[in-house]
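Here's the letter readout for the chains.
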Amino acid sequence: VRLVESGGGSVQAGDSMRLSCAASGRTFSSLTMGWFRQAPGKEREFVSGISWSGRRIRYTNSVKGRFTIARDNAKNTVYLQMNSLKPEDTGVYYCAAGGSWDSQIYNYWGQGTQVTVSS
C-alpha cells in the first residue's frame, strides 16, 4: 500500500487546514485508516482513525471537537479536517493504513506532511 499525504503548510492559530491522503496498491475500502503526528522532540502519537466503512471513528482527546476524519472509498482518499488549530498541533502528520479496526495496528505509512501553527 502506498500512501501520499498532501495539504500541510503554515497557518496561524485559529485557522483551519485539511490534509489528504491518497492510497494505492490495495483495496482501499478494506483498510482501516489513521492519522498520526510527531512534534519536534516527541514520540509519534495517534490523532484519529476511521474504519473501512467509516462507521467507526476515534480521536485523541486533544483534538476532539476540532478535527474531523473522513474517507471517500471511491477516491481512495482519507481526509483530516483540522479547525481551530493551536500551536501544539504543530508537527509532521502521517497517514497510516491497517487491516483490523479492533487491533488498531497500522502496517503502512506515508512520508508525512509538515503542519506548522504559529501563535
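Residues numbered from 1 in each chain as written. Predicted model: local features only at pLDDT ≥ 70, side-chain atom pairs only at ≥ 80, totals over all residues. Heavy atoms only, no water.

**Q** Go over the side chain of glutamate 5 with me, naming the residues and quoting the values.
**A** Mapped onto the fold, glutamate 5 is located in strand β1 (residues 2–6). Here glutamate 5 sits buried without a salt bridge, and the closest side chain of opposite charge, arginine 44, lies 7.9 Å off (N-O distance). A polar contact is formed between the side chain of glutamate 5 and the backbone nitrogen of cysteine 95, at a distance of 2.8 Å. At a separation of 2.9 Å, a polar atom in the side chain of glutamate 5 contacts the main-chain amide nitrogen of glycine 112. (Helix = DSSP H or I, 4+ residues; strand = E, 2+ residues; numbered from the N terminus. Buried < 20%, exposed > 50% of the residue type's maximum accessible area, 1.4 Å probe, protein only. Lys, Arg positive; Asp, Glu negative; His and termini not counted. Salt bridge = Lys/Arg side-chain N within 4 Å of Asp/Glu carboxyl O. Polar contact = N/O pair within 3.5 Å; in protein donor to acceptor, adjacent residues only side chain to side chain.)

**Q** So what about the pattern of salt bridges? Which residues, and what values?
**A** Side-chain pairs of opposite charge can arise whenever the charged atoms involved come near each other. As enumerated under the stated definition, the model contains four salt bridges in all. In this structure, the salt-bridge partner of aspartate 102 is arginine 56, at a minimum N-O distance of 3.6 Å. Of the two residues, aspartate 102 sits in the loop between β9 (91–98) and β10 (106–109) while arginine 56 sits in the loop between β5 (45–50) and β6 (57–59), which places them 46 residues apart along the sequence. Residues joined in a network through salt bridges with shared partners are Arg37, Glu45, Arg66 and Asp89.

**Q** Pulling in residues and values, what's your account of the sheet that holds β1?
**A** A sheet is described by the order of its strands in space; here four strands give the open sequence β1-β3-β8-β7, paired in antiparallel fashion. Whereas interior strands pair on both sides, the edge strands pair on one side only; in this sheet they are β1 and β7 (67–72). In this sheet, adjacent strand axes meet at a mean angle of 15° when their direction is disregarded. Here β7 pairs with strand β8 (residues 77–82) via six bridges, running antiparallel. Within the sheet, the bridge partner assigned to arginine 71 lies in β8 and is valine 78. (Pairing = 2+ DSSP bridges. Axes fitted to C-alpha atoms, helices over the stretch in contact; angles between N-to-C directions.)

**Q** Can you break down the nonpolar core residue by residue, with the values?
**A** In terms of nonpolar packing, the biggest core is built from 24 residues, with Met33, Trp35, Val78, Leu80, Met82 and Tyr93 touching the most fellow members. Of all the secondary-structure elements, those providing two or more residues to this core are β3 (17–24), β4 (32–38), β5, β7, β8, β9 and β11 (113–118). Setting aside chain neighbours within four positions, we find valine 78 in contact with Leu19, Ser20, Cys21, Phe28, Met33, Trp35, Ile50, Ile69, Ala70, Arg71 and Cys95. (Core = buried A, V, L, I, M, F, W, Y, C linked by side-chain atoms within 4.5 Å. Contact = heavy atoms within 4.5 Å.)

**Q** Quick one: what's the story with the state of the cysteines, residue by residue and with numbers?
**A** Here the structure, examined in full by the defined rule, presents one disulfide. Put simply, cysteine 21 and cysteine 95 are joined by a disulfide, and their sulfur atoms are 2.1 Å apart. Torsion about the S-S bond of the cysteine 21 and cysteine 95 cystine: about -80°, corresponding to left-handed handedness. Placement of the pair is cysteine 21 in strand β3 and cysteine 95 in strand β9, with a sequence separation of 74 residues. (Disulfide = S-S within 2.5 Å.)

**Q** Which residues make up the pairing of β3, and what values do they have?
**A** Each regular strand shows side chains that alternate between the opposite faces of the sheet. Bridge count between β1 and β3: five bridges; the pairing is antiparallel. Residue pairing in the sheet places valine 4 in a bridge with alanine 22 of β3. Sheet topology note: the β3/β8 ladder contains six bridges and is antiparallel. Of the residues in β8, the one forming a bridge with serine 20 is tyrosine 79.

**Q** Could you give me a rundown of unusual backbone geometry, with the residues and numbers involved?
**A** Positive phi, normally seen in glycine, also occurs at asparagine 76, with a value near 55°. With respect to the helices and strands, asparagine 76 occurs in the loop between β7 and β8. By relative accessible area, asparagine 76 is classed as partly exposed at 28%. Even without glycine at this site, serine 84 takes up a positive phi of about 50°. Along the chain, the position of serine 84 falls in the loop between β8 and β9.

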